[in-house]
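Examining the three-dimensional arrangement
Now for the letters of each chain:
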Amino acid sequence: MVTILGIESTAHTFGVAVVRDKEILSNEKDAYSTKDGEGGMIPLEVKKHHEEVGEKIYKQALEKAKIKEDEITAIAFSNAPGLAPCLLAGMAFAKELSKRLEVPLIPVNHCIAHLEIGEITGAKDPVMLYASGANTQIIAYEAGKYRVFGETLDLGVGNFIDTFARFAGLGFPGGPKIQKLAEEASNKDELIELPYTIKGMDVAFSGIQTKLRTLLDKGEDLKRLSYSMQEVVFAMLVEAAERALAHTGKKELVLGGGVACNSRLQEMCKIMCEERGVKYFCPERPLLVDNAAMIAYLGETMFRAGISTDHNHLDQVDIAPRERTDDVEVSWKD
Ligand code: ATP
Ligand code: FE2
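Residues numbered from 1 in each chain as written. Chains lettered and ligands numbered in written order. Predicted model: local features only at pLDDT ≥ 70, side-chain atom pairs only at ≥ 80, totals over all residues. Heavy atoms only, no water.

**A closer look at the coordination of the iron ion (ligand 2)**
The protein atoms that coordinate the iron ion (ligand 2) are His-110 (NE2), His-114 (NE2) and Asp-290 (OD), at distances spanning 1.9 to 2.2 Å. Coordination geometry of the iron ion (ligand 2): the four donor atoms subtend angles of 93 to 125° at the metal centre, consistent with an arrangement described as tetrahedral. Spacing between the donor residues of the iron ion (ligand 2) along the chain follows H-x3-H-x175-D. One end of the pair, His-114, is in helix α3 (residues 110–116); the other, Asp-290, is in the loop between α9 (285–288) and α10 (293–304), and 176 residues separate them in sequence. Looking at Asp-290, the relative accessible area reads 14%, which means it is buried. (Donors = N, O, S within 2.8 Å, 3.2 Å for Na, K, Ca; no water. Tetrahedral: all angles 85-135°; square planar, octahedral: opposite > 155°, others 65-115°. Helix = DSSP H or I, 4+ residues; strand = E, 2+ residues; numbered from the N terminus. Buried < 20%, exposed > 50% of the residue type's maximum accessible area, 1.4 Å probe, protein only.)

Take a look at the structure:
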């Protein structure tokens, strides 16, 4: 029996989870947010948040999992990529615990964890459409590494949607609000024309942002704009994912990231997969957004493959804020 404690702290979310033999026993979190809900993250304030809630979330995770500290086999934490102060808070928490409990430490790449949690829904060798606030990437395993086949050339799709929502006075996070407005739009057969920007498997959103703002200033209906924005932007993401499926010959698509909670994006992905004869997988919301369960889950896979650092050698472990997905040595897969 292997019991892994996972810690997530790459950005606004501090999470702690317990995974035992690939089963999620708990998945607790507390996300930093500004009082006015206006978004915007000051990294040092987020770090302070993580330090303040750490102990509480840890206790909750053990309680929910109904386990005691001495049952923990090893500790996995997200060491990359992300905001340095946030990563440091998670690492300090993980190292202290590793020392105190005398159990090994496993550094985990956050983006790859988003992909590998897809295994829990049945995916074995998928292409992942990773659509979150800060990240928009198409990732798949090929020739010994996880490779980024396509990505955003400017903003992450979630940040792009949130920026537009804030401009429209909707507050933060904008994604769910825009989705609701899009659902309420009438005249759905009349799409407002927006720049469709995709090069190979890369996408870009800044042209759309400019156009949306101009149209809103001119008095265009926000519901129609939200609807048209979703149709165009999600079509770009689906096309990029479809190209990666064709390029790699893989037969599975898995979704990841907060924007993947959007039911219209899910629907469009499902349709594309049906048309291509590809299996579609979408983890539940708590596993789509930033969470510690995916860190513990990949941590278990890595631990079982012999990847961990002894608690006496913790100085060998560090954060890697800018680590790229294809920098990671994937020695746990065959
Ligand atoms: P990462 O560190 O992986 O980039 P993140 O912290 O930037 O993650 P997540 O927690 O994965 O982001 O997701 C947050 C984003 O998801 C926000 O931009 C939010 O607007 C967006 N989002 C949440 N629900 C929806 C939805 N229903 N439709 C569209 N976007 C959504
Ligand atoms: Fe994430």
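**Section: the domain arrangement of the chain**
What the domain assignment lists for the chain is domain 1 (3–113 + 290–333) and domain 2 (116–287). The C-alpha centroid of domain 2 is placed 27 Å from the C-alpha centroid of domain 1. Taken together, the two surfaces of domain 1 and domain 2 that pack against each other cover about 2000 Å², and 52% of this comes from carbon and sulfur. Inspection of the domain 1/domain 2 interface yields two salt bridges. For Glu-151, the salt bridge is made with Arg-324, and the minimal N-O distance between the two is 3.7 Å. (Domains from an automatic or database assignment. Buried area = accessible area lost by both parts, 1.4 Å probe. Salt bridge = Lys/Arg side-chain N within 4 Å of Asp/Glu carboxyl O.)

**Let's talk about the side chain of Lys-95**
Its location among the elements puts Lys-95 in helix α2 (residues 84–101). Among buried charged residues, Lys-95 stands out as having no salt bridge; its nearest opposite-charge side chain is Asp-318, 5.8 Å away. Residues in contact with Lys-95, not counting those within four places in the same chain, are Leu-105, Leu-314, Asp-315 and Val-317. (Lys, Arg positive; Asp, Glu negative; His and termini not counted. Contact = heavy atoms within 4.5 Å.)

**Some points on the nonpolar core**
Phe-205, Ile-208, Leu-237 and Leu-253 are the most contacted members of the largest nonpolar core, which totals 49 residues. If one sorts the elements of this core by residue count, helix α7 (residues 222–248) sits on top with 13 residues. Those residues in contact with Ile-208 that lie beyond four places of it in its chain are Phe-160, Leu-194, Pro-195, Val-232, Val-233 and Met-236. Judged by nonpolar contacts, the second largest core, of 34 residues, contains Ile-112, Ile-117, Ala-123 and Leu-287. (Core = buried A, V, L, I, M, F, W, Y, C linked by side-chain atoms within 4.5 Å.)

**Considerations on the packing of aromatic side chains**
A complete count under the given rule lists four aromatic pairs for this structure. Look at Phe-14 and Phe-93: their rings are 5.8 Å apart centre to centre, the planes differ by 75°, and that puts the pair in the edge-to-face class. Highlighted residues: Phe-14 in strand β2 (residues 13–20) and Phe-93 in helix α2, separated in sequence by 79 residues. Across the pair, exposure class does not vary: Phe-14 and Phe-93 are buried alike. Their ring planes at 20° and their centres at 5.1 Å tell us that Phe-160 and Phe-205 sit as a pair that is stacked. Taken as a pair, Phe-160 in helix α4 (residues 157–167) and Phe-205 in the loop between β10 (202–203) and α6 (206–217) lie far apart in primary sequence, 45 residues in all. On the basis of relative accessible area, Phe-160 is assigned to the buried category, the value being 0%. Classification of Phe-205 as buried rests on a relative accessible area of 1%. An aromatic cluster is present here, built from Phe-14, Tyr-58 and Phe-93 joined pairwise through their rings. (Phe/Tyr/Trp six-rings, centres within 6.5 Å; stacked < 30°, edge-to-face > 60°.)

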